[in-house]
Structure formats: structure tokens, C-alpha cells
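Secondary and tertiary structure notes
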Amino acid sequence: MASIEIRSVRKLYGKTPAVRGVDLSVEDGEFVVVLGPSGCGKSTLLRMIAGLEDVSAGEIAIDGRIVNDVEPAHRGCAMVFQNYALYPHMTVAQNIGYALKVSGVSRQQREQRVERIAATLGLENLLARKPSELSGGQRQRVAMGRAMVRSPGIFLFDEPLSNLDAKLRIQMRIEIKRLHRELRTTSVFVTHDQVEAMTLADKLIVMNDGLIEQAGSPSQVFRQPQSRFVANFLGSPPMNFLPAIVDGNGRARVAGDLVPWSRLVWDLPAGTKLDLAFRPAAAQLASGPIQPGMLPFAVEMVEDLGSEFHFHGTTAGTSIAVATPVTTELPPEPFAITVPGEAVHAFLASDGSRVEPRPISIKVTETSGADACPEKSLSFI
Ligand SMILES: Nc1ncnc2c1ncn2[C@@H]1O[C@H](COP(=O)(O)OP(=O)(O)O)[C@@H](O)[C@H]1O
Ligand SMILES: [Mg+2]
């Protein structure tokens, strides 16, 4: 087991920056997921930890020891790639045991170790097979076995599930989670798949353009995105964004004159441009005509996903999506939506950073008996 400290790490390829200054701590036994779009520098960061790329500036320490100049073989990391490239002429057992053979471990010890790992990965009945006789998921498990065989202090995963079909990905995701629970090996897992990221991470790091946008628990990052980029990147269908302008009373006006959230007051100069955002599932369908607190919603298309409906359309000139349970009874047209103020996120249009409204004080009034309904007992002042 091992901890990782990354301090002000940069990577330039020629003059092009790929990683532009990253600070990150990975604690002993932690499972950290680095999530970001293609090209944002995830693989470069991982390869620098492994020692497969030099760092251009900054430091990487493993267990407190700076490893900038330490050979990959001596960093105690094992890497699992998307293209798991097993040796085609070797059996599963030989593939898993190869690294031990190369380093001179006796045949008997090798066999014991390979058997133990095969049992952990559910490969015990496949040890004599060649890679061509395995399914994609089984091959990926063999690749995991190869990484595990030397009991590395750190696992580095570079999009290991990207080549698998949807069902297998879910299976392997659960498998990896189970393995981590058993082995507690410090892990850094790189992906562009938000579901993988949300479900696997103890700590989630969202990267964009060579920088960390946000780090935190998956639920923190999902519920309190600190930038428009993070808000937009996490969630499916993605967050809805409505352009708004702060008026002289600190209220956000949408499409000129609508004030859908009169309780939200922004301590920002009049004229400040905001992007107000809410998740598709946070909106509720309602019926017009438009009353205070409602937004008109012109529905263009409804998708039936089996477990939920997705309504696509426009509100105040902006395309949005609304997700509802399938049991929802459709209100009569014209449609409108309401979104509770607590579900609204706001970002400065200028730089995309999150801003909070003035705190709303909540007064909880005493109620009792048949009236003790939690919703009624909350009143806004
Ligand atoms: N060996 C390389 N030489 C030059 N540029 C590279 C090299 N590897 C990656 N890059 C560039 O660095 C940036 C980050 O790449 P990468 O770390 O592979 O991103 P990700 O893994 O997030 O998709 C990209 O713009 C990519 O084109
Ligand atoms: Mg990559």
C-alpha cells in the first residue's frame, strides 16, 4: 500500500502544455478517479505517476519519497490499460505469472500466487486457456491479474473498461469495486465515463484542459459543482442552463422579465450575467398560463426510456430537458415547469465560477398531531 503526493506538476510536450499545474493527494488505500473529456491530460498525469513520462515541473512523491528520477520498475505501480494486450501464445496462467517468471520467482511459488489471484478474479477454471478463447471481460480480468501478481502498492487504471460492451462494463466495474474492498490497494482510475467515476470513486477529480476543476466525494461534486464546466460534465441528460441577468433588486431575470426564483437574492451588481442551472430531474411539469415561479416549456419531443420520460423542448428561448418518472400524469397544455430554488445552481457567465445566493433562513415552526407534516412545518422567511 502506498500514498501519492502530486505537487504543482506540469507536463509540456514541446511547447504544448498537457498538464498545467496539478496538486493532488491520494491517501493510502484510497480509490481516486480522474474524470474528464478526451485530451484533458488524464493519461499524461497517470503516466507521470507510473514514471512512463518525465514531469516538466513539480514533484511526485510515493510514500513520502520523491520519485521524479526513479525508474518505473521501482515505483511499486502496476498499470492496467484500455488495450490490455495479453500475450496471445501464452495461457492465462502464463500471462498472469509472466512478471514473476521474469524476476526469477520459483515455479512452485509462481503457481501458488497465480492460483490465488485467479481465484480472486474468478479465473480458476480458465487458467489453461489462451486469450483467443476468452470473452472481453475475461481478458480484462486476466489483465487485472497481471497487474496484481506482484502485489503492487498502487494500481493505475487508464480507461480499462472502455473497450467492453455496456453490460460487461457494469460487471467489471462492480468487480473492480469488490477487489478494491478486498485488497485496499491505493488506486488511481482514469475515465471519461461519469457513471464509472461516480460509482467507483472515494475521491473524484474532474479535470479540464490540463487542470483540476474540482476534487471531492462524488456526491459533493455532483451536488455542488464549483464551475459551469463540472455542472455541465456530470449528469445525464446534462444540467439545463438558462442565461439570466441580475436586476436592481438582486433578483435573476430570465428572458428579460421573468423572475422564476424570487426568493433567490444575489449580492451582485445589477447587470451581472449569470447562468442559472438545474438538473432535468429537478424540474416538475406544470400547466400554463404562466404564474410567478413558473417557466413556459414548449415540448418538442418526448423520449420514453422505460424507467423515465425525457421531455426535450425550449423554455425562454433555451433548449432544456426535463426528466420525470413514467407514472407522471401529463398536465394539460400549454406546458410549464417549476423548479425549486434549492435545486438551482448559479455560475458567473464571465468565468463560469459558482456563486451562491444570499442565504435563505428557514424557520421551523412547531406543529403537532395530525398537522405534523414536515413540508408544512417549513416556512421560508
Ligand atoms: N506523446 C505526446 N506528444 C505530444 N502531445 C501529446 C502526447 N501525448 C499526449 N499529448 C497531448 O496532450 C494532451 C493530453 O493528452 P492525454 O493525457 O492523452 O489526454 P486524455 O488521456 O485525457 O485523453 C492532448 O492534447 C494530447 O494531444
Ligand atoms: Mg487517455
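Everything below is about the structure shown above.
Our subject in this report is the structure included herewith.

Reading the values: the criteria
- Residues numbered from 1 in each chain as written.
- Chains lettered and ligands numbered in written order.
- Predicted model: local features only at pLDDT ≥ 70, side-chain atom pairs only at ≥ 80, totals over all residues.
- Heavy atoms only, no water.
- Near = heavy atom within 4 Å.
- Polar contact = N/O pair within 3.5 Å; in protein donor to acceptor, adjacent residues only side chain to side chain.
- Areas by Shrake-Rupley, 256 points an atom, 1.4 Å probe, with all protein chains shown as cover.
- Helix = DSSP H or I, 4+ residues; strand = E, 2+ residues; numbered from the N terminus.
- Nonpolar A, V, L, I, M, F, W, Y, C, P; charged D, E, K, R; others polar.
- Phe/Tyr/Trp six-rings, centres within 6.5 Å; stacked < 30°, edge-to-face > 60°.
- Buried < 20%, exposed > 50% of the residue type's maximum accessible area, 1.4 Å probe, protein only.
- Lys NZ or Arg CZ within 6 Å of the ring centre and 35° of its normal.

Here we take up the site of ligand 1. All residues in the neighbourhood of ligand 1 are listed as Tyr13, Ala18, Pro37, Ser38, Gly39, Cys40, Gly41, Lys42, Ser43 and Thr44. Gly41 has a polar backbone atom sitting 3.1 Å from an oxygen atom of ligand 1. When the free accessible area of ligand 1 is taken as 560 Å², the share hidden by the protein chains comes to 55%. The element that contributes the greatest number of residues to the shell around ligand 1 is helix α1 (residues 42–50), accounting for three residues. Looking at the shell around ligand 1 residue by residue, the classes come out as four nonpolar, five polar and one charged.

The next point concerns the packing of aromatic side chains. Across all of its chains, the model carries nine aromatic pairs by this definition. Ring centres of Phe31 and Phe157 lie 6.1 Å apart, and the angle between their planes is 20°; on these two criteria the pair is classed as stacked. Here the residue Phe31 occupies a position in strand β3 (residues 31–35), and Phe157 occupies one in strand β7 (residues 154–158), the gap between them amounting to 126 residues. Residue classification places Phe31 among the buried residues on the basis of a relative accessible area of 2%. Given the relative accessible area of 1%, Phe157 is considered buried. On the basis of an interplanar angle of 80° and a centroid distance of 6.2 Å, the ring pair of Phe309 and Phe311 is categorised as edge-to-face. Considered together, Phe309 and Phe311 belong to a single accessibility category, that of buried residues. In this structure an aromatic cluster arises from ring pairing among Phe31, Phe155, Phe157 and Phe189. Residue placement shows Arg146 over the ring face of Tyr87; its charged tip is 5.3 Å from the ring centre.

A word on unusual backbone geometry. The amide bond that connects Gly288 to the next residue, Pro289, takes the cis arrangement and shows omega of 0°. Relative to the helices and strands, Pro289 resides in the loop between β14 (284–287) and β15 (295–296). Of note, the phi angle at Ser8 is positive, near 45°, even though the residue is not glycine. Looking at where Ser8 falls in the secondary structure, it is placed in strand β1 (residues 4–13). Among the residues examined, Ser8 registers a relative accessible area of 40% and is labelled partly exposed. A positive phi angle, near 50°, is found at Asp209, a position not held by glycine. Turning to its location among the elements, Asp209 is positioned in the loop between β9 (203–208) and β10 (211–216).

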